[in-house]
Amino acid sequence: MKISKISFKNIHSLRGEHHIDFLTGDLADSGLFAITGATGSGKSTLLDVITLALFNKVPRIGAISKAVIEDQGGIMTRNAVDCYAEVEYIVEGKTYRSHWSIERNRNNNLKDRKQEIIDVATGDIIESGKSLVPPKNEELIGLSYDQFVKAIVLSQGQFSKLLKAKRDERNKLLEDITGAKDYRSIGIAVYRKFKEAQDACEKQEVRLGEVELLPEEEKTKLIAQERELTKAKTTQKKALEVLKAEIDNKKGILKNELVLKANNDLQKQLAKDLDAFKKEESRLQKHAKYVVHTPLISDYEQKDKALKEHTEELSKQTAHEKMVLKDYNDLLQQATTLLKKTVEPSEFNQALNTLNTTYTALKKDEDLAQAEAKLYEDAIKKLLGDINKDTVRIPFDGQPSTFVTGVTPVEDKVLGFLKTAQVDTTHQLEARENKVNESLATLGSLKVAFTKYQSELQQKQSKETELKGSEAQVVKHSAILKDLDKELPVLDAEVTKLTKEEEHRKTHQSLEAHRNQLVDGEACPLCGALEHPFASQQPVFDVKADVLRSKKELLHTKRELKASIQALLKSDQATSKRLQKELLEAEKALQPKATAIEKLCASLEVATVKTSAAIESLEAQVLEDSKKLTQIKKALHLRDLITDLKIAAKLWEEKTRLKAEKESKRKALYEGDGLLETIQTLLNRWSANTQNRSHTTKTITTLNAKIEEVSKERSAFETVLKDILKQEGINSLQELKTNILSESQAENIRRQQNTLQLKQERLKTEQTAALKELEGFKKAITKEDSLEELQNKYTSLEEESARTNQQIGVILTRLEADKKIKAKQEELLAELKSLKKEEALWKTMNSLIGDANGKKFSNFVQDLTLEQLIGYTNLRLKDLSDRYVLDIPTAEEADKNDALKVFDMHQGDARRTINTLSGGETFMVSLAMAFALSDLAAKNVKIESVFIDEGFGTLDPETLNQAITILEKMQNEGDKSIGVISHVEALKERITTQIRLEKSGSGYSTLQIIK
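Conventions used here
Residues numbered from 1 in each chain as written. Predicted model: local features only at pLDDT ≥ 70, side-chain atom pairs only at ≥ 80, totals over all residues. Heavy atoms only, no water. Helix = DSSP H or I, 4+ residues; strand = E, 2+ residues; numbered from the N terminus. Rg over C-alpha atoms; globule rule 2.2 N^0.38 Å. Contact = heavy atoms within 4.5 Å. Areas by Shrake-Rupley, 256 points an atom, 1.4 Å probe, with all protein chains shown as cover. Buried < 20%, exposed > 50% of the residue type's maximum accessible area, 1.4 Å probe, protein only. Domains from an automatic or database assignment. UniProt positions renumbered as here; feature names shortened; annotations may be inferred. Phe/Tyr/Trp six-rings, centres within 6.5 Å; stacked < 30°, edge-to-face > 60°. Lys NZ or Arg CZ within 6 Å of the ring centre and 35° of its normal. Pairing = 2+ DSSP bridges. Axes fitted to C-alpha atoms, helices over the stretch in contact; angles between N-to-C directions. Left-handed = near helix turned anticlockwise from the far one by under 90°. Nonpolar A, V, L, I, M, F, W, Y, C, P; charged D, E, K, R; others polar.

J.: Got a sec to walk through the overall build of the protein? Specific residues and values, please.
T.: Broken down by element type, the protein carries 27 helices and 17 strands. Taking 30 Å as the expected radius of gyration for a compact globule of 1011 residues, we find that the protein reaches 65 Å, considerably beyond that expectation. Principal-axis analysis of the C-alpha atoms places the extent of the protein at approximately 195 × 145 × 45 Å. In the protein, the share of contacts with a sequence separation of at least 24, taken over all contacts with a separation of at least 6, comes to 72%. Split by element, the accessible area of the protein, about 61300 Å² in all, is 52% carbon and sulfur.

In structure tokens:
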């Protein structure tokens, strides 16, 4: 996986839009570059852009949301309204672009962010959506967010600390670097779970000890007592039942004796009530005799009432007839006054309708003329609105004749302007407009062509300057290579000579073990000497090991420098060749553009322009012609409006005159308003009066006939009633009506009679039943005791039975409680067994990986991680140097000194601690370990873009030089893109290709790529 390009806008302190291309330009040519700048200038922002575009996360914050941007002020530059991050990366030969962006709406609220992945070759969108893009990037790259960050960002400084730290500190650093802190949490959690299980078992055992059961002997005794008491309870129950039956019989006798006494009292009262009811019974008999005359009485009274009502109505209708005749005469008089002539009753409607028709026709003609005049007046006002749009040319006057005289001067002025401009028709105007538009279009093309020509001319001049610089670099690097070709053979000969001397010294040193075994006075097995002066005193040699090491390193550095200069020379030569080719192409491309400019100027009938000022002058002239055409177009439109205005004014004047004529005729017929309403009112009143006169006459005739008929019928009913009164010996009709009860009164008396009869029967039945029950209870009596004595015996026996029940309840309660306690004990034992099993499991887990601070499990896991990391480190170390192999200390070594060890392959595989390495060697091993973690995190994904974060600040100049040489070698051999994030000044001088970030006074930063 290789990052080819990043683009971003308004991220952190980097305001505006920025683009960094790692595959073209200076960054691609060098491959190794530095990201420099002061603290807080935005060096880490470049890494944030990459992870934000891919995973919507940044290392220092985590996942990004609208709340993070608003509340924490992260990601988006202060006062910006939008921002975006975009990264292009190559995986297995295919290039993808991952895009992330967010912006504010017009209310300054953040919209939802947008994310998408595009296939750069085809332009197709592979995936879009904020929840779908991060997992798709993870799938394409083959790494999660955490793996990606560890694989691409190498914290070399952390590994320098890791190499020299003791075991506990080393494991803590490794835990922080790998992010594997969960294992420490797991160890603590296991320890806490063990303690919780242990405490739970102890508490359960305490609860179990608190449980107390009944002794078995006491339990058996209670069961026997319960059986004896149950037998006694049965005997008591039978005795109570016998006593209760005897008491019930005694109570039955008393009850029935009381019933018979009350029944006798009620029968006496009933006899009195029957005697009092005889008067009501007589009224009911009379009612039954005279009630048959009720229909006849009712008919007589109805006819009498009807006769009175008809007589009253006849009086009212006679008075109404007089009022109707008076209104009739008033209407004839009003019509005569309105028509100004005598109106006969038969001509009333026709005369008024004729007047109405004539007046309406005149009013209609008048309104029509007025409406038409108003219509033309409105049309004039509308035309004046267009004519007087920007200035008052023709004022409005309410008098048509006055208004028309004000139009002519304005019309003459407009016609004079058009005559001067030599334009009389729209066709002539369009022809002149087309010519101006063509000039404007040609002028636009000329501006574009001239701008492109000037831009490409400037690019050509820039390339010429760049070519001179590139050719100077070729000369410089060629001179350096020439010097190196002279120095390397001499240095190589010196190293060969010093190597032979060092080998001779090592041969003498290898006899050290034999010298230690020599004893004065005993013969040396090699030379036979009896004296051994060098057994305890080392011989003095001309030690030149340090000189040899320095010469070797210098030879190695110069060889690497030669390889680096050769690569740079090759790159500069290629750049010069490319620039020469591009200059030829630029020269060819400029000629057609110059020709095109000449043709455009010829079409405008002007000389070929040489400057932007000449184009601007030409443009001003064309725009002035265009402005004049606008005035002519406006004058033509004004002329048409004035013509329409004159026609409308003439029609307005005619309709105003016609309206005045119609109004004069209408007022001659009737002066004033409301004629139509007056006529309609008279017609309506005449029609209503005619109907009233007819109706009143008919009503009076009908009433006279009814009065005569009802009077005869009333007399017939009266004769029949007098005969009935005479026969019954009743003095008056009112006396007869008094003997006839209302139906409700008669029904109420019948109901009383029925109630008394039912009461009499019920008392007789009750008396018979009470006598029968009394006899039965007396026969059932078996004891001579009184009721009070029997109740006392029952109460005493009932109390004894209650005491027995209470004793049984107490015993059963104790036995049931013991049963529940027994069940509770079994339940607690089962729970304790389960808790013991849980405790045993966590006890085993705790002995393996648990402790209070999680150190045991964390150390175990980090030891495994370190072992795997050292394996990868040695693979990387082999590419950097064949001298050292990193190793973990053995158990015996760890007891004395648990620092990491190295095998020195140049010193006969000598094993020593990591602390004995020089600064440059330590940097080389720590760098190899940083790359190893990248390999470990990347799994099988090939990472071709790496950023090394700091770790250079503690290096001396010589070690720093070695470190840069190692990085250059790694870049050249592996074709990686390596970025070093640092603010070390010496590093900036050594790595000339830089992405430089600088703070500005306003809190923002600037970014530029320099070489």
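Once the structure has been displayed, the description carries forward.
J.: I'd like a description of unusual backbone geometry, backed by residues and values.
T.: A positive phi angle is found at Asn10, which is not glycine, with a value near 55 degrees. As for its position among the elements, Asn10 is in strand 1 (residues 2-11). At Asn79, a position not held by glycine, the phi torsion is positive, near 70 degrees. With respect to the helices and strands, Asn79 occurs in the loop between helix 3 (66-71) and strand 6 (82-91). Note on Asn79: relative accessible area 69%, which makes it exposed.

J.: Tell me what's going on with the domain arrangement of the protein, and back it up with residues and numbers.
T.: Under the domain assignment used here, the protein contains domain 1 (1-142 + 941-1010), domain 2 (166-179 + 854-939), domain 3 (288-343 + 675-740), domain 4 (351-426 + 622-669) and domain 5 (447-515 + 546-613). A separation of 87 Å is found between the C-alpha centroids of domain 4 and domain 5.

J.: Quick one: what's the story with the environment of Ser612, residue by residue and with numbers?
T.: Looking at the secondary structure, you find Ser612 in helix 18 (residues 612-669). A sequence separation of 165 residues divides Ser612 from Lys447, and the C-alpha atoms of the two residues are 8.3 Å apart.

J.: Can you explain the UniProt feature "coiled-coil region" (unreviewed entry) in the protein? Please cite residues and give values.
T.: Within this structure's numbering, the places UniProt gives as "coiled-coil region" (unreviewed entry) are residues 746-838. Summarising residues 746-838: 94% helix, 0% strand, and an end-to-end C-alpha distance of 98 Å.

J.: Summarise the packing of aromatic side chains; cite the residues concerned and give the values.
T.: The tally for this structure, following the rule as stated, stands at 9 aromatic pairs. Feature note: the residues Phe22, Phe33 and Phe947 constitute an aromatic cluster, connected by ring pairs. Directly above the ring of Tyr1004 sits Arg15, whose terminal nitrogen or CZ lies 3.8 Å from the centroid.

J.: Describe helix 5 (residues 145-152), and please don't skip the residues or the numbers.
T.: With 6 of 8 residues buried, helix 5 is to be regarded as a mostly interior element. Here helix 5 has its buried residues at Tyr145, Gln147, Phe148, Val149, Ala151 and Ile152.

J.: Before we move on, could you go through the pairing of strand 2 (residues 14-21) and cite the residues and values that matter?
T.: Where strand 1 meets strand 2, 6 bridges bridge the pair, whose relative direction is antiparallel. Each bridged residue has a counterpart across the sheet, and for Ile6 the counterpart in strand 2 is Ile20. Here strand 1 hands over to strand 2 after 2 residues, with His12 in that stretch at a positive phi of 50 degrees.

J.: I'd like a description of helix 2 (residues 45-55), backed by residues and values.
T.: Across the 11 residues of helix 2, 11 count as buried, placing the element largely inside the fold. Residues of helix 2 that are buried include every one of Thr45, Leu46, Leu47, Asp48, Val49, Ile50, Thr51, Leu52, Ala53, Leu54 and Phe55, and no others. Among the residues trailing helix 2, Asn56 stands out with phi positive, at a value near 55 degrees.

J.: Break down the packing of helix 11 (residues 294-339) against helix 12 (residues 348-387) for me, citing the residues and quoting the values.
T.: At a closest axis distance of 11 Å, the pairing of helix 11 and helix 12 adopts a crossing angle of 35 degrees. Relative to helix 12, the crossing made by helix 11 is left-handed. Here Leu331, Leu332, Ala335, Leu338 and Leu339 of helix 11 lie close against helix 12, whose contacting residues are Phe348, Ala351, Leu352 and Leu355. Considering only residue class, the contact of helix 11 with helix 12 consists of 9 nonpolar, no polar and no charged.

J.: Can you explain the sheet that holds strand 13 (residues 910-913)? Please cite residues and give values.
T.: Ordered in space as 11-12-13, the 3 strands form an open sheet in which the pairing is antiparallel. The sheet is open, and its two borders are formed by strand 11 (884-887) and strand 13, each paired with just one other strand. The sheet shows a mean angle of 30 degrees between the axes of neighbouring strands, taken without regard to direction. With 4 bridges joining them, strand 12 (residues 901-904) and strand 13 adopt antiparallel strand pairing. Looking across to strand 13, one finds that Asp904 is bridged to Ala910.

J.: So, the environment of Glu788: which residues are in play, and what are the values?
T.: Inspection of the secondary structure assignment puts Glu788 in helix 22 (residues 787-849). On the accessibility criterion, Glu788 (57% relative accessible area) is exposed.

J.: Tell me about the side chain of Ser4, and please be specific about residues and values.
T.: Position of Ser4 relative to the elements: it lies in strand 1. Here Ser4 is in contact with Ile20, Asp21, Phe22, Leu23, Glu88, Tyr89, Ile90 and Thr95, once residues within four sequence places are set aside.

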